[in-house]
Amino acid sequence: MSVSYCDDLFTFNRFLTREVNIGNIPLGGANPIRIQSMTNTDTLDTEATVLQSIRMIEAGSEYVRITAQGIKEANNLAEIKNLLLQRGYITPLIADIHFNPRAAEVAAAIVEKVRINPGNYVDRNTGKFHFTDLEYSDELKRIADRLFPLIAICKQHHTAIRIGTNHGSLSERILSRYGDTPKGMVESAMEFITICRGFDFNDIVLSMKSSNIKVMVQSTRLLVARMKEEGMNYPIHLGVTEAGDGEDGRIKSAGGIGALLQDGIGDTIRVSLTEDPELELPVARKIVDFTKSNSSNLNLSTEPYPIDPFNYNKRNSISINNIGGNNPVQIYLSEDLNKETTSKNYLIVTKSSLRGGTPKQSNDSNQKIDCFTSLAMTKIASQSELNSINQNDIIVLDFKDEGIKKERLFFSILINKKLNNPVIVKKTYSFNNIEELQIKAAIDFSSLLVDGLCDGICIENSFFDGDQLNEIMLAILQATGVRITKTEYISCPSCGRTQFKIQDGLKDIRRRTSHLKGLKIAVMGCIVNGPGEMADAHYGYIGAGNGKINLYKGKEVIEKNIDETLAVDALINLIKQNGDWIEP
Ligand code: SF4
């Protein structure tokens, strides 16, 4: 893919999108990054949906998304909108549509934006996995015919459309040609964009979502690269799907969304937690604010960014003292790291050394640090300076809060000069609020981790103990998929389709299975989207109707319609029967 995109990543220029009007809150262009959430009430329960929408708006939601699974629900959006207006709330509403073009058409005349999923707007699963070129183009014509009525209504009512692609719900046609890949996700959106543009419709917003941060980051970067090639600049909505709850959900969301915001990508964000939606908004606000504080005005021209932004590759480093090479990414507490650095051969690169201050090291590494000062600030290091770096040095990058730009510059120099020393990235934070620490640390480290750049990470904070800091660091490594140390939960935020107590179910499952390291368990609100979007989970616990649960082993449904009061026991039994259980 184009080098120009890599250059833009490196200079941290915001991808400037076109402005799209969503009611009274425009999106994209020079507008601030908008935050939003989605109701999880029954859409036919007007009062409950209005009350929850108000709680979300009061918590900062600039748009409110509501599921409309059928025509009845789509029609009821008018009641919800009217009641909100009567109570003084003019926040734009968004209808969330899957599988039902007619519901989209009804909703488009009522709300300000309609989200459709290109994987299931027209296409249905039929078991067909081979398409001739003629069949493929016939399918595209069929989609255009089906999409045109929606576009006509949107044009008439000035309603925007989000083409919201999800990893896990791509059409068979796309899968047949591209597989379940970031490229397939991008092409799925591009087909719909091409149709919209063919009808001269440009009020488009795009998203590439996945519960896997690497896939979400790579597919969105690829989408931007593809748009640049085509001369397009539609606004981008960011979100990590099925992020779960609690610390893991916050870290996963902040990691994925924060990595892209630091690339300069993203016009609106939605944090998806398996919690009440109003709790998502303070998290979203912090992600936006903390990412802004990472921005730097430095204009560092440089050699090309030597990272492939579309594929994960760990930086090539050598193994020294069990760090680097093929060792798992290590975690350090600052006191342990300080002890190690006084006794072994460490090269500490600090903010002060970058500015030419006196390095803390007492041994002969001053010269080496000066070398990095020169490298980082002038980018014209001579070969003799490079030779002064001992090949057995472990580098500790202690930039404090210098921002992603300088960190990328530092790693670029190392890679371009073929210096394979392991690197530990250390960050010091003064937060005394654990949620703020989780979010900021996840943003800071995820950009580097999804690009395969760290061999070790270290968080320094005086308010929380070592166990808490270790837990945060391991959660960041797990969320970015670079080191797995515990059970992973893929859990949707729920919506109007959910008909069981998903938050209680997830808590109970987590309580009883959190010792099963490496196992992935999906907890999903409905069988319409749940099975497709549970990604590569080993087991699935999926809502199947009023208080009923279906259990899955991989993609195969094993038990149906279990009462939710019995379903967690049944899940444990299923895990045991398959030999994946260990006693806690
Ligand atoms: S998987 Fe969850 S969020 Fe998605 S449609 Fe089903 S219930 Fe709603």
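Quick summary incoming for the structure in this document. Computed from a predicted structure; not experimentally measured. (Residues numbered from 1 in each chain as written. Predicted model: local features only at pLDDT ≥ 70, side-chain atom pairs only at ≥ 80, totals over all residues. Heavy atoms only, no water.)

## Remarks on the overall build of the protein chain
Filter applied, for reference: A run of DSSP states H or I qualifies as a helix once it reaches four residues; a run of E qualifies as a strand once it reaches two. Both are numbered from the N-terminal end. For every residue, the accessible area (1.4 Å probe, protein chains only) is compared with the maximum for its type, and the residue is labelled buried under 20%, exposed over 50%, or partly exposed between those bounds. Any two residues whose heavy atoms approach within 4.5 Å at even a single point are treated as in contact. Here, Shrake-Rupley sampling with a 1.4 Å probe gives the accessible areas, and only protein chains in the shown set may cover a residue.
Scanning the protein chain from N- to C-terminus turns up 20 helices and 20 strands. The buried share of the protein chain, taken over its 584 residues, is 61%. When contacts within the protein chain are restricted to residue pairs at least 6 apart in sequence, long-range pairs at least 24 apart make up 71% of them. Looking at the protein chain as shown, the accessible area adds up to about 22,000 Å², and 48% of this sits on carbon and sulfur atoms.

## Description of empty space enclosed by the protein
Note the threshold: Throughout, the protein atoms alone are placed on a 1 Å grid, and a set of points is a cavity if a 1.4 Å probe fits but cannot get out or a pocket if it is open with protein on both sides within 12 Å along at least five of seven lines; lining residues have an atom within 4 Å of a point. Grid points are joined across faces, edges and corners, and a volume is the space filled by probe spheres set on the points. Any residue that is not Ala, Val, Leu, Ile, Met, Phe, Trp, Tyr, Cys, Pro, Asp, Glu, Lys or Arg is counted as polar, Gly included; the first ten are nonpolar and the last four charged.
Applying the stated criterion across every chain yields a total of four cavities of 30 Å³ or more. Put simply, the largest cavity is a space of about 330 Å³. Elements supplying a minimum of two residues to the lining of the largest cavity: strand E7 (160-166) and helix H19 (530-533). Among the residues making up the lining of the largest cavity, the classes are represented as six nonpolar, nine polar and nine charged. Estimates place the volume of the second largest cavity at around 100 Å³. Taken together, Ala-243, Asp-248, Lys-252, Ala-475, Gln-478, Ala-479, Thr-487, Glu-488, Tyr-489 and Arg-510 make up the lining of the second largest cavity.

## Here we look at the packing of helix H8 (residues 213-230) against helix H9 (residues 246-263)
The test is simple: Think of each axis as a best-fit line through the C-alpha atoms, taken over the contacting stretch in the case of a helix, with angles from 0 to 180 degrees between the N-to-C directions. In what follows, roughly perpendicular refers to angles from 65 to 115 degrees, roughly parallel to angles under 35, roughly antiparallel to angles over 145, and oblique to any angle outside these ranges. By the definition used in this description, the sense in which the near helix is turned from the far one sets the handedness, with an anticlockwise turn below a right angle giving left-handed and a clockwise turn giving right-handed.
Their axes nearest at 9 Å, the elements H8 and H9 cross at an angle of 25°. Judged by the inter-axis angle, H8 sits roughly parallel to H9. With respect to the hand of their crossing, H8 and H9 are arranged in right-handed fashion. The segment H8 lies against H9, with Ile-213, Met-216, Val-217, Thr-220 and Arg-221 engaging Lys-252, Gly-255, Gly-256, Ile-257, Ala-259, Leu-260 and Asp-263. Its residues assigned to classes, the contact of H8 with H9 shows six nonpolar, three polar and three charged.

## A few points about the layout of surface pockets
Counted as a void, the largest pocket has a volume near 420 Å³. Among the secondary structure elements, those contributing two or more residues to the lining of the largest pocket are helix H6 (172-178) and H19. Here the lining of the largest pocket is built from residues that sort into six nonpolar, eight polar and six charged.

## Remarks on the site of the ligand
What counts here: Residues are labelled near a given molecule or strand when at least one of their non-hydrogen atoms is within 4 Å of it. In this description, a molecule resides in a pocket or cavity if more than half of its atoms sit within 2 Å of the grid points defining it.
In the neighbourhood of the ligand, the contacting residues comprise Cys-492, Ser-494, Cys-495, Arg-497, Thr-498, Gly-525, Cys-526, Asn-529 and Gly-530. Its atoms largely coinciding with the cavity grid, the ligand occupies the largest cavity. Residue classes in the shell around the ligand are distributed as three nonpolar, five polar and one charged.

## Describing the side chain of Arg-408
Spelled out, the test is: What qualifies as a polar contact is a pair of N or O atoms within 3.5 Å, subject to a donor-acceptor requirement within protein and to the restriction that residues adjacent in sequence count only when both atoms come from side chains.
For Arg-408, the location among the structural elements is in helix H15 (residues 404-416). We classify Arg-408 as buried; its relative accessible area is 1%. Reaching out from Arg-408, the side chain makes a polar contact with the side chain of Asp-263 at a distance of 2.7 Å.

## Quick word on the pattern of salt bridges
Under the convention used in this document: Take a side-chain nitrogen of Lys or Arg and a carboxyl oxygen of Asp or Glu: if they are within 4 Å of each other, that pair is a salt bridge.
This model, assessed by the stated rule, comprises 38 salt bridges. A salt bridge links Glu-488 to Lys-252, with the nearest nitrogen and oxygen atoms 3.1 Å apart. Taken together, the positions of Glu-488 in strand E16 (residues 488-491) and Lys-252 in helix H9 put the pair 236 residues apart, joining distant regions of the chain. The burial state of Glu-488 is the same as that of Lys-252; both residues are buried. The shortest N-O distance in the salt bridge between Asp-508 and Arg-511 comes to 2.7 Å. With a gap of three residues between them, Asp-508 and Arg-511 both fall in helix H18 (residues 502-513), about one helical turn apart. On the basis of relative accessibility, which here comes to 23%, the residue Asp-508 falls in the partly exposed class. Each member of the salt-bridge network shares a partner with another, and the members are Lys-183, Glu-187, Arg-226 and Glu-230.

## A closer look at the side chain of Ser-53
Relative to the assigned elements, Ser-53 resides in helix H2 (residues 46-58). Each residue touching Ser-53, except ones within four places of it in the same chain, is listed here: Thr-39, Val-64, Ile-66 and Leu-84.

## Brief notes about the packing of aromatic side chains
Note the cut-off: When two rings of Phe, Tyr or Trp (its six-membered ring) have centres within 6.5 Å they constitute a pair, described as stacked for plane angles under 30 degrees, edge-to-face for angles over 60, and tilted for the intermediate range.
On inspection of all chains with the given rule, the structure shows six aromatic pairs. Measuring from ring centre to ring centre gives 4.6 Å for Phe-148 and Phe-199, while their planes differ by 50°; the resulting arrangement is tilted. In this pair, Phe-148 is assigned in helix H5 (residues 133-157) and Phe-199 in the loop between helix H7 (182-198) and strand E8 (204-209), connecting sequence segments 51 residues apart. For Phe-199, a relative accessible area of 27% translates into the label partly exposed.

## Side note on the pairing of strand E4 (residues 63-67)
As a reminder of what qualifies: Two strands qualify as a pair provided that DSSP identifies no fewer than 2 bridges between them. If you view a crossover with the strands going away from you and the path from the first strand over the helix to the second runs clockwise, you call it right-handed.
Summarising burial for E4: five of the five residues are buried, a large majority. Along E4, one buried face is formed by Tyr-63, Arg-65 and Thr-67 and the opposite face, lined by Val-64 and Ile-66, is buried too. Pairing between strand E3 (residues 34-38) and E4: three bridges, direction parallel. The residue of E4 that forms the bridge with Gln-36 is Tyr-63. You can see the chain leave E3, run along H2 and come back into E4, and the turn it takes is right-handed.

## Quick look at the sheet that holds strand E20 (residues 556-563)
Backbone-to-backbone hydrogen bonds join strands into a sheet, with any given pair of strands oriented parallel or antiparallel. Ordered in space as E16-E17-E18-E19-E20, the five strands form an open sheet in which the pairing is mixed. Each of the sheet's edge strands pairs with one partner strand only, and the pair in question is E16 and E20. Strand-to-strand twist across the sheet, computed as the mean angle between neighbouring axes with direction ignored, equals 20°. Bridge count between strand E19 (residues 548-553) and E20: five bridges; the pairing is antiparallel. Bridge pairing links Lys-553 to Glu-556 in E20.

## Regarding unusual backbone geometry
Of note, Glu-242 is a non-glycine position whose phi angle comes to about 50°, a positive value. Mapped onto the fold, Glu-242 is located in the loop between strand E9 (236-238) and H9. Glu-242 gets classed as buried once you look at its relative accessible area, which sits at 5%. Even without being glycine, Asn-321 reaches a positive phi, approximately 50°. Looking at the element boundaries, Asn-321 is found in the loop between helix H10 (280-293) and strand E11 (330-333).

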